[in-house]
Amino acid sequence: MGCWLILGAVARSLTLKEALRTRIGVNSPEAVFVVACKGERKTESTQAKSAVEDWFKWARRQRVVIAMSGEVVYTPEGKAVAVADMMRRYLVEE
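Residues numbered from 1 in each chain as written. Predicted model: local features only at pLDDT ≥ 70, side-chain atom pairs only at ≥ 80, totals over all residues. Heavy atoms only, no water.

Brief notes about the pattern of salt bridges
So, step 1. Under the definition given, this model contains one salt bridge.
So, step 2. Residue Arg 88 is joined to Asp 85 by a salt bridge in which the shortest nitrogen-to-oxygen separation is 2.6 Å. Remark: Asp 85 and Arg 88 occur in helix H5 (residues 83–89); sequence separation between them is three residues, near one turn of the helix.
So, step 3. In this structure Arg 88 comes out as exposed when scored by relative accessible area, which is 58%.
So, step 4. Judged by relative accessible area, Asp 85 falls into the partly exposed class, the value being 30%. (Salt bridge = Lys/Arg side-chain N within 4 Å of Asp/Glu carboxyl O. Helix = DSSP H or I, 4+ residues; strand = E, 2+ residues; numbered from the N terminus. Buried < 20%, exposed > 50% of the residue type's maximum accessible area, 1.4 Å probe, protein only.)

Given below as C-alpha coordinates:
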(Lines give C-alpha, C1' and ligand atoms only; values in the text may rest on other atoms or scores of the structure.)
Protein backbone atom coordinates (compact mmCIF):
# COMPACT_ATOMS: atom_id res chain seq x y z
CA MET A 1 0.00 0.00 0.00
CA GLY A 2 2.88 2.40 0.80
CA CYS A 3 4.18 2.15 -2.74
CA TRP A 4 0.80 3.26 -4.14
CA LEU A 5 0.81 6.27 -1.79
CA ILE A 6 4.23 7.23 -3.09
CA LEU A 7 3.12 6.77 -6.67
CA GLY A 8 0.09 8.98 -6.04
CA ALA A 9 2.27 11.70 -4.57
CA VAL A 10 4.70 11.41 -7.45
CA ALA A 11 1.86 11.63 -9.96
CA ARG A 12 0.79 14.98 -8.53
CA SER A 13 4.25 16.52 -8.65
CA LEU A 14 4.65 19.45 -11.06
CA THR A 15 8.39 18.78 -11.21
CA LEU A 16 7.65 15.23 -12.28
CA LYS A 17 5.40 16.42 -15.08
CA GLU A 18 8.25 18.56 -16.35
CA ALA A 19 10.61 15.59 -16.08
CA LEU A 20 8.21 13.42 -18.06
CA ARG A 21 8.29 15.91 -20.91
CA THR A 22 12.07 15.70 -21.09
CA ARG A 23 12.60 11.93 -20.63
CA ILE A 24 12.51 9.78 -23.71
CA GLY A 25 10.67 6.50 -23.37
CA VAL A 26 9.02 7.32 -20.02
CA ASN A 27 5.41 8.33 -20.35
CA SER A 28 3.90 7.91 -16.90
CA PRO A 29 4.68 8.95 -13.32
CA GLU A 30 4.74 5.31 -12.27
CA ALA A 31 7.40 4.55 -14.89
CA VAL A 32 9.63 7.33 -13.55
CA PHE A 33 9.33 5.84 -10.05
CA VAL A 34 10.14 2.35 -11.31
CA VAL A 35 13.14 3.64 -13.29
CA ALA A 36 14.40 5.47 -10.18
CA CYS A 37 14.00 2.31 -8.07
CA LYS A 38 15.81 0.15 -10.59
CA GLY A 39 18.62 2.68 -10.73
CA GLU A 40 18.78 2.56 -6.91
CA ARG A 41 18.16 6.30 -6.74
CA LYS A 42 16.67 7.63 -3.54
CA THR A 43 13.52 9.72 -3.53
CA GLU A 44 13.81 13.34 -2.38
CA SER A 45 12.20 12.61 0.98
CA THR A 46 14.62 9.74 1.59
CA GLN A 47 17.55 11.97 0.67
CA ALA A 48 16.31 14.68 3.04
CA LYS A 49 15.85 12.19 5.88
CA SER A 50 19.34 10.82 5.28
CA ALA A 51 20.80 14.36 5.34
CA VAL A 52 19.12 15.07 8.69
CA GLU A 53 20.38 11.77 10.13
CA ASP A 54 23.92 12.51 8.95
CA TRP A 55 23.75 16.03 10.40
CA PHE A 56 22.41 14.72 13.72
CA LYS A 57 25.21 12.17 14.04
CA TRP A 58 27.77 14.91 13.36
CA ALA A 59 26.08 17.34 15.79
CA ARG A 60 26.05 14.72 18.58
CA ARG A 61 29.77 14.06 18.10
CA GLN A 62 30.35 17.82 18.33
CA ARG A 63 28.08 17.99 21.43
CA VAL A 64 25.83 20.55 19.74
CA VAL A 65 22.77 18.39 20.46
CA ILE A 66 22.03 15.50 22.75
CA ALA A 67 18.76 14.10 21.40
CA MET A 68 16.23 14.33 18.58
CA SER A 69 12.50 13.68 18.49
CA GLY A 70 10.65 14.19 15.23
CA GLU A 71 11.66 17.56 13.86
CA VAL A 72 13.06 18.85 17.16
CA VAL A 73 16.55 18.51 18.64
CA TYR A 74 17.59 19.14 22.22
CA THR A 75 20.69 21.08 23.19
CA PRO A 76 22.92 20.05 26.12
CA GLU A 77 21.14 22.80 28.10
CA GLY A 78 17.80 21.03 27.48
CA LYS A 79 16.45 23.62 25.04
CA ALA A 80 14.16 22.29 22.27
CA VAL A 81 14.99 23.73 18.82
CA ALA A 82 13.68 22.92 15.33
CA VAL A 83 16.09 20.68 13.41
CA ALA A 84 16.00 23.00 10.37
CA ASP A 85 17.06 25.99 12.50
CA MET A 86 19.93 24.07 14.05
CA MET A 87 21.08 22.76 10.67
CA ARG A 88 21.26 26.36 9.44
CA ARG A 89 23.16 27.50 12.54
CA TYR A 90 25.61 24.61 12.64
CA LEU A 91 26.95 23.52 9.28
CA VAL A 92 28.75 20.18 9.07
CA GLU A 93 32.49 20.66 9.07
CA GLU A 94 34.40 17.90 7.37
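Considering the nonpolar core
So, step 1. Ranked by size, the top nonpolar core spans 10 residues in total: Trp 55, Phe 56, Trp 58, Ala 59, Val 64, Val 65, Val 73, Val 81, Val 83 and Met 86.
So, step 2. Mapped by element, the contributors of at least two residues to this core are helix H4 (44–61) and H5.
So, step 3. Non-local contacts of Ala 59, meaning those with residues more than four positions away in its chain, are made with Val 64 and Val 65. (Core = buried A, V, L, I, M, F, W, Y, C linked by side-chain atoms within 4.5 Å. Contact = heavy atoms within 4.5 Å.)

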